[in-house]
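# Understanding the architecture of this molecule
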Amino acid sequence: MNKIQKALAIILVIAAVVFVAGCASQSTKTASTNTTEKAGSPAEEHPDQSKEWMQITSADALNVSNAAAELSTALSNSGDLAQIKDLTLYIETEANTSSYESANYYVNADLEPAQQKYAEMMGSYGAFAKRIDMSLEHINAGNTAEAEVTTEDAAKSLTRGKEHYAEYKTMIEDFKKKHTEMA
């Protein structure tokens, strides 16, 4: 097989692993995270930005989740390298930026576990995209064994991202039920 055929074969392997990861259990687990004030910043000194945080992070979470699904589909269907590279770059950049910006919001103490779950979700989706990039680099270097390892890691990251997303959404819904003034 020539290098292009090998690359396409590896992309198909990546697609299969990503597809299997996408079909994996998407159970929602409740988080048991302690809620604490941000270090050195008592809540009384800062306005509660919970409502704004929920609006922004909900939109960003949906965008990144959709992009991850689109990347998974691109890997499964066509292997269009330009589209794959565009999606991985978008996911990595958006995940990093959104997670950083989220941490700068002052939210209700009851919402802090969701803020942590959001960071975990973005970290997992970012890792998924990064691992796909790494797999492609390994393929281009002719290192199929390493490409398979990073592909498996990508699939695990995608599964974790989906699980964290489901948990994040549940936490937001539960918060809104408890704090109807924020809904």
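All figures in this text were calculated on a predicted structure; none of them were measured in a lab.

### Some remarks on the packing of helix α2 (residues 50-77) against helix α3 (residues 81-103)
Contact pair α2 / α3: the axes reach a minimum separation of 10 Å and the direction vectors enclose 160°. Classified by the angle between their axes, α2 and α3 sit roughly antiparallel to one another. Between α2 and α3 lies a crossing whose hand is left-handed. For the pair formed by α2 and α3, the contact residues are Trp53, Thr57, Asp60, Asn63, Val64, Ala67, Ala68, Glu70, Leu71, Ala74 and Leu75 on the first element and Gln83, Ile84, Leu87, Thr88, Tyr90, Ile91, Glu94, Ala95, Ser98 and Ser102 on the second.

### Looking at the packing of aromatic side chains
To describe a pair of aromatic rings, you give the distance between the ring centres and the angle between the ring planes. For the structure shown, the criterion picks out four aromatic pairs. Ring geometry for Trp53 versus Tyr168: centroids 6.1 Å apart, planes at 75°, classification edge-to-face. Placement of Trp53 in helix α2 and of Tyr168 in helix α5 (residues 144-178) is noted, with a sequence separation of 115 residues between them. Residue Trp53 is classed as buried on the basis of its relative accessible area, which comes to 0%. Between Tyr118 and Tyr168, the ring centres sit 5.5 Å apart and the planes meet at 50°, which makes this aromatic pair tilted. One end of the pair, Tyr118, is in helix α4 (residues 112-140); the other, Tyr168, is in helix α5, with 50 residues separating them in the sequence. Side by side, Tyr118 and Tyr168 carry an identical accessibility label, which is buried. Grouping aromatic residues by their ring pairs yields a cluster made of Trp53, Tyr118, Tyr165 and Tyr168.

### A word on the confidence of the model for the protein
Caution is warranted with low-pLDDT regions, since their predicted coordinates should not be read in detail. Averaged over every residue, the pLDDT of the protein is 84; the share at 70 or more is 75%. Counting interchain partners and residues more than four positions distant, the pLDDT-below-50 stretch residues 16-21 has eleven contacts. Within the model, pLDDT remains below 50 along residues 23-43, and this stretch shows 26 contacts once partners closer than five positions in the same chain are excluded.

### Topic: the environment of Ala127
Mapped onto the fold, Ala127 is located in helix α4. In the structure, Ala127 is positioned 29 residues away from Lys156 in sequence and 9.4 Å away in space, judged by C-alpha atoms.

### Describing the pattern of salt bridges
Within the structure shown, the criterion is met by four salt bridges. Among the ionic pairs, Asp133 bridges to Lys85, the shortest N-O distance being 3.3 Å. Of this pair, Asp133 sits in helix α4 while Lys85 sits in helix α3, placing them 48 residues apart in sequence. Of the charged contacts, one joins Lys117 and Glu120 as a salt bridge, the two residues approaching to 2.9 Å between their closest N and O atoms. Placement of the pair is Lys117 and Glu120 together in helix α4, with a separation of three residues, close to one helical turn. Among the charged side chains, a network of salt bridges with common partners joins Lys117, Glu120 and Glu167.

### A look at the nonpolar core
Counting 35 residues, the largest nonpolar core has Trp53, Leu71, Ile91, Leu111, Tyr125 and Ile132 as its most contacted members. When residues of this core are traced back to their parent elements, those giving at least two are α2, α3, α4 and α5. Broken down by element, the residue count for this core peaks at ten residues, all from α4. Ignoring anything within four residues of it in the chain, the contact list for Trp53 reads Ser58, Ser102, Tyr105, Val107, Leu111, Ala114, Gln115, Tyr118, Tyr168 and Ile172.

Parameters at a glance
Residues numbered from 1 in each chain as written. Predicted model: local features only at pLDDT ≥ 70, side-chain atom pairs only at ≥ 80, totals over all residues. Heavy atoms only, no water. Axes fitted to C-alpha atoms, helices over the stretch in contact; angles between N-to-C directions. Helix = DSSP H or I, 4+ residues; strand = E, 2+ residues; numbered from the N terminus. Parallel < 35°, antiparallel > 145°, perpendicular 65-115°, else oblique. Left-handed = near helix turned anticlockwise from the far one by under 90°. Contact = heavy atoms within 4.5 Å. Phe/Tyr/Trp six-rings, centres within 6.5 Å; stacked < 30°, edge-to-face > 60°. Buried < 20%, exposed > 50% of the residue type's maximum accessible area, 1.4 Å probe, protein only. pLDDT = per-residue confidence, 0-100. Salt bridge = Lys/Arg side-chain N within 4 Å of Asp/Glu carboxyl O. Core = buried A, V, L, I, M, F, W, Y, C linked by side-chain atoms within 4.5 Å.

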